Amino acid sequence: MHGSGSSEQRATAPEDDPTRIRASQDDGWRSPPTGGERDDTGQAPPEEMPRVRFTRRRLLASILFVVSTAAFLYFVLPKLLGLKETWNRIQSGNVWWLALAALLEVFSFLGYIALFRAVFVRGRSQIDWRESYEITMAGLAATRLFASAGAGGIALTAWALRRSGLEPRIVACRMIAFMALLYAVYMGALVIDGLGLYLGVIAGSHPFAITIIPAIFGGAVIAIFLAVSLLPGDFDRLVARWTSQGRLGRLAGKVAAAPEAAASGVRTAIDLVRARDPYLLGAIAWWGFDIAVLWASFHAFGDAPSAGVIVMSYFVGMIGNTLPLPGGIGGVDGGMIGAFTAFGVPVEVTVVSVLAYRGFAFWLPTLPGAVAYLQLRRTVQRWRTTRTPSYT
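Residues numbered from 1 in each chain as written. Predicted model: local features only at pLDDT ≥ 70, side-chain atom pairs only at ≥ 80, totals over all residues. Heavy atoms only, no water.

Colleague: Sorry if this is basic, but what is going on with the pattern of salt bridges here?
Modeller: A side chain of one charge can pair with a side chain of the opposite charge when the charged atoms of the two come close. Taken as a whole, this structure holds 4 salt bridges when the rule is applied. Here E131 and R382 are joined by a salt bridge, their closest N and O atoms 3.0 Å apart. Placement of the pair is E131 in helix 5 (residues 129-145) and R382 in helix 15 (residues 366-385), with a sequence separation of 251 residues. Classification of E131 by relative accessible area gives buried; the value is 3%. Given a relative accessible area of 38%, R382 falls into the partly exposed group. (Salt bridge = Lys/Arg side-chain N within 4 Å of Asp/Glu carboxyl O. Helix = DSSP H or I, 4+ residues; strand = E, 2+ residues; numbered from the N terminus. Buried < 20%, exposed > 50% of the residue type's maximum accessible area, 1.4 Å probe, protein only.)

As structure tokens, this is what we get:
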């Protein structure tokens, strides 16, 4: 499997059941069952689909949050900033540029699916292009709708992969490899674009705080992950042996299992790059076409800033996705608007362009993702009835 089997075999196996978040009538949260539980026949219970069950109060609170945040961004924020012409700009947006933005977002999703197949569909697998679409779109919808900083989409993806027959330890390893490849592009762009803007190699203004500091951050993250990849495959056992053979040693070994799993995933990502699978370009397509949506949104409502400024403002704003908000709504918008303002882009065109972009990026995958979720449930049921084989 592209020379990365040894790294995957050393990956730490996760618990048998995926993380499930449930809301009950009293406290709203319930822990997942412990691994190894059996039913009356002595068989392990089948894995259930990760899902979020809302009480009426939680459902109303979630709807209220999304609606109120959207209302603030689209109605209140322009008035606070004194942007009386914001809605005039929205109404007079160029339809052809907006149509292009929608098409570019579709290409971004296709890139994401291609990367998914490059990482997870290698050798024998029950996952073809249709199943790849269902898993990725359902995962993207979960990431955007649930306030879990992306954890909901990761849990759903991992669950579907395990139900397809992929061994749990391989799922853990390749999930880390997938994220490493995706965010290597992110961090690399921060370094290249930040230094290029500051040194004048890339056109655009170059305030230190919004160019060099992100570049330093991206470089530090890349260095950390490359260092982690150098950890030996039996790092947890080595740590346990170095500390002691008693309780402290066992605890240290468990703590060391996390960086060991990360090391295995990063090494797998490096092996994939060395194999030169063309589908790995999906990582660049995922980010690149999404940035192009923002570029097209600027053209729909006025003149677009330089490409370097758009790229840097985009990635700085994306840090808002780490906030515990559904799809980063509010955090990403504010981050992008602030970054463009720091680059000297007129706030009037920035606000309407960013809000238009977020309309495509947040809402466009939501309905197809919800449909894909329902399709995925039927697919998994089909896998169950056909006694899914185990793949490594």
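Still more to cover.
Colleague: Looking at this structure, how should I read the nonpolar core?
Modeller: Grouped burial of nonpolar side chains is what soluble globular proteins tend to show. Within the largest apolar cluster, 78 residues are counted, with the highest numbers of intra-cluster contacts made by L294 and Y314. Per-element accounting of this core gives the leading share, 13 residues, to helix 7 (residues 168-199). (Core = buried A, V, L, I, M, F, W, Y, C linked by side-chain atoms within 4.5 Å.)

Colleague: Which parts of the structure should I look at to understand the packing of helix 4 (residues 95-120) against helix 7?
Modeller: A pair of packed helices is captured by two measures, namely the crossing angle of their axes and the spacing between those axes. Two elements in contact, helix 4 and helix 7, have axes separated by 10 Å at closest approach and are oriented at 140 degrees. Relative to helix 7, the element helix 4 lies oblique. Note on packing geometry: the crossing formed by helix 4 with helix 7 is right-handed. Mapping the contact onto sequence places Y112, L115, F116, V119 and F120 in helix 4 and V171, R174, M175, A177, F178, L181 and L182 in helix 7. Class assignment of the residues belonging to the contact of helix 4 with helix 7 gives a composition of 11 nonpolar, no polar and 1 charged. (Axes fitted to C-alpha atoms, helices over the stretch in contact; angles between N-to-C directions. Parallel < 35°, antiparallel > 145°, perpendicular 65-115°, else oblique. Left-handed = near helix turned anticlockwise from the far one by under 90°. Contact = heavy atoms within 4.5 Å. Nonpolar A, V, L, I, M, F, W, Y, C, P; charged D, E, K, R; others polar.)

Colleague: Please explain the packing of helix 12 (residues 307-318) against helix 13 (residues 331-342) as it appears in this structure.
Modeller: Following both chains from N to C, one finds helix 12 and helix 13 inclined at 145 degrees, their axes separated by 7 Å at the closest point. Read as a crossing pair, helix 12 and helix 13 show a hand that is right-handed. Contacts from V309, I310, S313, Y314, V316, G317 and M318 in helix 12 reach G331, V332, G335, M336, A339 and F340 in helix 13.

Colleague: Would you explain the environment of L140 in this entry?
Modeller: Following the sequence through the fold, L140 ends up in helix 5. If sequence neighbours within four positions are ignored, L140 has contacts with F109, Y112 and W286.

Colleague: What is the right way to look at the packing of aromatic side chains in this model?
Modeller: Given two aromatic rings, one states the distance between the centres and the angle between the planes to describe the pair. Scanning the model with the defined rule gives 19 aromatic pairs in all. A network of ring pairs unites the aromatic residues F109, Y112, F116, F120, F178, Y183, Y186, W286, W287, Y314, F315 and Y357 as a single cluster. If you follow R117 out to its NZ or CZ, it ends over the ring of W129, 4.7 Å from the centre. (Phe/Tyr/Trp six-rings, centres within 6.5 Å; stacked < 30°, edge-to-face > 60°. Lys NZ or Arg CZ within 6 Å of the ring centre and 35° of its normal.)

Colleague: How should unusual backbone geometry be read in this particular structure?
Modeller: With glycine set apart, most residues show a phi of negative sign, and most peptide bonds adopt trans. Positive phi outside glycine occurs at R276, with the angle close to 60 degrees. Considering the arrangement of structural elements, one finds R276 in the loop between helix 10 (247-275) and helix 11 (282-301). With relative accessibility at 74%, the residue R276 sits in the exposed group.

Colleague: How do you make sense of a nonpolar patch on the surface when you look at a structure like this?
Modeller: There is a patch of nonpolar side chains on the surface, built from L103, V106, F107, L110, F289 and L364 and spanning about 460 Å² of accessible area. If one sorts the elements of the nonpolar patch by residue count, helix 4 sits on top with 4 residues. Mapped onto the secondary structure, L110 falls in helix 4. With a relative accessible area of 46%, L110 lands in the partly exposed category. (Patch = residues over 30% accessible without salt bridge, like charges linked within 9 Å, V, L, I, M, F, W, Y side chains within 5 Å. Areas by Shrake-Rupley, 256 points an atom, 1.4 Å probe, with all protein chains shown as cover.)

Colleague: Can you walk me through the confidence of the model for the protein chain in this structure?
Modeller: Caution applies to low-pLDDT parts of the model: their predicted coordinates are not meant to be read in detail. Counting all residues, the mean pLDDT for the protein chain is 75, and 65% of those residues have values of 70 or more. Per-element averaging of pLDDT across the protein chain places strand 1 (residues 21-22) at the bottom with 32 and helix 11 at the top with 95. Ignoring residues within four places in sequence, the model shows residues 1-6, a span with pLDDT below 50, making 13 contacts including any to other chains. Here residues 9-47 is a poorly scored stretch, pLDDT under 50, and it has 74 contacts once near neighbours within four places are set aside; other chains count. (pLDDT = per-residue confidence, 0-100.)

Colleague: Is there a simple way to explain the side chain of E105 in this structure?
Modeller: Here E105 is to be found in helix 4. Residue E105 is classed as buried on the basis of its relative accessible area of 0%. Apart from residues lying up to four places away in sequence, E105 is in contact with D290, V293, F360, A361 and L364.

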